[in-house]
Amino acid sequence: PTAMSRRVVRQSKFRHVFGQPVKADQMYEDIRVSKVTCDSSFCAVNPKFVAIIVESGGGGAFIVLPLAKTGRVDKNHPLVTGHTAPVLDIDWCPHNDNVIASASEDTTVMVWQIPDYVPVRNITEPVVTLEGHSKRVSIISWHPTARNVLLSAGCDNLVILWNVGTGEMLLALDDMHTDLIYNVGWNRNGSLLVTTCKDKKVRVIDPRKQQIIAEKTKPHDGTRPIRAIFVADGKIFTTGFSRMSERQLGLWDLNNFEEPIALQEMDTSNGVLLPFYDADSSIVYLCGKGDSSIRYFEITDEAPYVHYLNTYSSKEPQRGMGFMPKRGLDVSKCEIARFFKLHERKCEPIVMTVPRKSDLFQDDLYPDTPGPEPALEADEWLSGKDAEPILISLRDGYVPIKNRELKVVKKNILDSKPPPGPRRSHSTCDSDFSQPALEEVLEEIRALKETVQAQEKRISDLENKLCRFTNGTD
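Counting starts from 1 at the beginning of each chain's written sequence and moves along it residue by residue. Note on the predicted model: pLDDT of at least 70 is required for a residue's local features to be given, and 80 or more for side-chain atom pairs to be given and counted; whole-chain, interface and lining totals, by contrast, use all residues. Side-chain numbers here rest on the full set of heavy atoms in the structure, without hydrogens or water.

On to the UniProt feature "coiled-coil region" (unreviewed entry) in the chain, then. UniProt positions are given in the numbering used here, feature names are shortened, and annotations may be inferred rather than shown by experiment. Mapped onto this numbering, the UniProt entry annotates "coiled-coil region" (unreviewed entry) at residues 438-465. Numbering of helices and strands runs from the N terminus, with a helix taken as a DSSP run of H or I at least four residues long and a strand as a DSSP run of E at least two residues long. Spanning residues 438-465, this segment combines 100% helix with 0% strand, and its end C-alpha atoms are found 41 Å apart.

As structure tokens, this is what we get:
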């Protein structure tokens, strides 16, 4: 009997994970969070910045704040404003903390370079605009291991893979989804995709072969949206609704997609559950839009396979949620996850920790984790190569890398389609304009650009100094 009673409590170092909001002065206040009805998370974070989709009159915008810039956000803080209709999804590049992609109702995807200093004016010029969807684009996701490979999915039921470094379309998966795509997720090395769709199917796709390699109809019987992500060992974790409209979670094995490994009912709330997965701890965090709680579960190889750990509860419902990559966490505080919870007018970081008595580095909590170096180039991946993420140790904490510029090299411009609009006659182009003269003009423009950037940085520094002198008083 003693052996039995000892067995009742499952051994796990994550049984006591608990969540805590940061102090009031560590929040980001006075942000007009977007009110677009869309099941995206509205927030993207990395070790340098937090980005949030915001309300904007005419067009679409998001705000980018340096992580340290907490407190009240100046109402004139510059925005990223290139889209002509609302922004629906944003995603930071995993291999460059200064590059972010945005998807919009205006049917385009734009990729932006964000400077380390706060710019003086709105950022209006993307590094590259990707055009290929015919309806609004509600999902974007960077490839986890290949440089510059970006996925977008639109309301045209189309999934497109882009090479951001050349601005061209690599693959279009067009005959696979018969209805609206709810979500798309990569596996750990980026060789497979999992998608959920309004036609009630979960599909596992090999994007390079353009083949569906497994599918499951109705993993959850209810009519409301389903979400799916890859977890360890290529298993798939889903959230959805039962026929009685109870929220459910499911765990599935690709080799036997018929029967779930686990299927659990949770409650009768109607918000779609957004799953966030940490591969290092095998914990899935479930955040419902409109919920005021985050539930988390550990996935293991022993029954019941999905083990409930705890719930972080608060009073305020969440409008969206950002999830910090592992390398952005504070290992000295035994932090194993950090969420950025969006309210109507603010963003509140929530820290998940495992209490430990020792101040030493807890290597059992922090296995080596994906770092910022890509393992493959885009064309290597396209040709069929796979590579696991390049891992780094967090023993001494992670120091973000200085701003690296994203260079876009367009292929021969003559091969691409002519620009829309009236064709100009060739006579308007002065053929006497020599190559050296052109080089000179370009060099001058380059120099001017550098001067402007230097001045913007200087103005920004002076504004920050002035802010310190006046101590925040207007």
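From this point, things continue past the structure.
Looking now at the packing of aromatic side chains. Aromatic pairs are defined between Phe, Tyr and Trp rings, using the six-membered ring for Trp, whenever the two ring centres lie within 6.5 Å; interplanar angles under 30 degrees are classed as stacked, those over 60 as edge-to-face, and all others as tilted. Enumeration according to the criterion identifies 13 aromatic pairs in this entry. Plain terms: the ring middles of Tyr285 and Tyr296 are 5.5 Å apart, the flat faces sit at 40° to each other, and that makes the pair tilted. Here Tyr285, found in strand S25 (residues 283-288), pairs with Tyr296, found in strand S26 (residues 293-299); they are 11 residues apart in sequence, far enough to count as distant. Of the two residues, Tyr285 and Tyr296, neither departs from the other in class, the shared state being buried. Among the aromatic side chains, those forming a connected cluster through ring pairs are Phe276, Tyr285, Tyr296, Phe323 and Phe339. By definition here, charges over rings are those cases where NZ of Lys or CZ of Arg is within 6 Å of the ring centre and within 35 degrees of the ring normal. Directly above the aromatic system of Phe241 lies the positively charged group of Arg224, at a separation of 5.1 Å from the ring centroid. Over the aromatic face of Phe42 sits the side chain of Lys289, whose NZ or CZ is 3.7 Å from the ring centroid. For the exposure calls, accessible area comes from a 1.4 Å probe over protein chains only, and a residue counts as buried if that area is under 20% of its type's maximum, exposed if over 50%, partly exposed in between.

Another point: the sheet that holds S25. The strand order across the open sheet formed by 4 strands is S24-S25-S26-S27, and the pairing between neighbours is antiparallel. If you trace the sheet from one side to the other, it starts and ends with strand S24 (273-278) and strand S27 (306-313), each paired once. Between one strand and the next, the sheet's axes are offset by a mean angle of 25°, whatever the strand orientation. Here the rule is simple: two strands pair whenever DSSP picks up at least two bridges between them. Sheet analysis places S24 next to S25, joined by 6 bridges and oriented antiparallel. Axis definition: a line fit to C-alpha positions, over the contact stretch in the case of helices; interaxial angles, taken between N-to-C directions, run 0 to 180 degrees.

Attention now goes to the UniProt feature "repeat: WD" (unreviewed entry) in the chain. Cross-referencing UniProt, the feature "repeat: WD" (unreviewed entry) maps to residues 80-114, 130-172 and 174-215 in the present numbering. As annotated, residues 80-114 comprises 0% helix and 63% strand, and the C-alpha atoms at either end are separated by 9 Å. Along residues 174-215, the helical share is 0% and the strand share 52%, with 16 Å between the first and last C-alpha atoms.

Following the sequence through the fold, Ser104 ends up in strand S9 (residues 99-104). Sequence spacing of Ser104 and Phe237 is 133 residues, and the spatial spacing of their C-alpha atoms is 27 Å. Whether two residues touch is decided by their heavy atoms; if any such pair falls within 4.5 Å, the residues are in contact. Beyond its immediate chain neighbours, meaning those up to four positions away, Ser104 contacts His83, Ala85, Pro86, Val87, Leu88, Arg136 and Val137. Under this definition, polar contacts are N or O atom pairs within 3.5 Å; protein pairs additionally need one hydrogen-donor-capable and one acceptor-capable atom, and for neighbouring residues in sequence, both atoms have to be side-chain atoms. One polar contact links the side chain of Ser104 to the main-chain carbonyl oxygen of Ala85, over a distance of 3.0 Å.

What follows covers the pairing of strand S10 (residues 108-113). In terms of burial, S10 is largely enclosed, as 6 of its 6 residues are buried. As paired elements, S9 and S10 share 5 bridges and run antiparallel to each other. The partner of Ala101 across the bridge, within S10, is Val111. Linking S9 to S10, which pair antiparallel, is a turn of 3 residues; within it Thr107 sits at a positive phi near 75°. Sheet topology note: the S10/strand S11 (residues 128-131) ladder contains 4 bridges and is antiparallel. Residue pairing across strands places Val111 opposite Val128, the latter belonging to S11.

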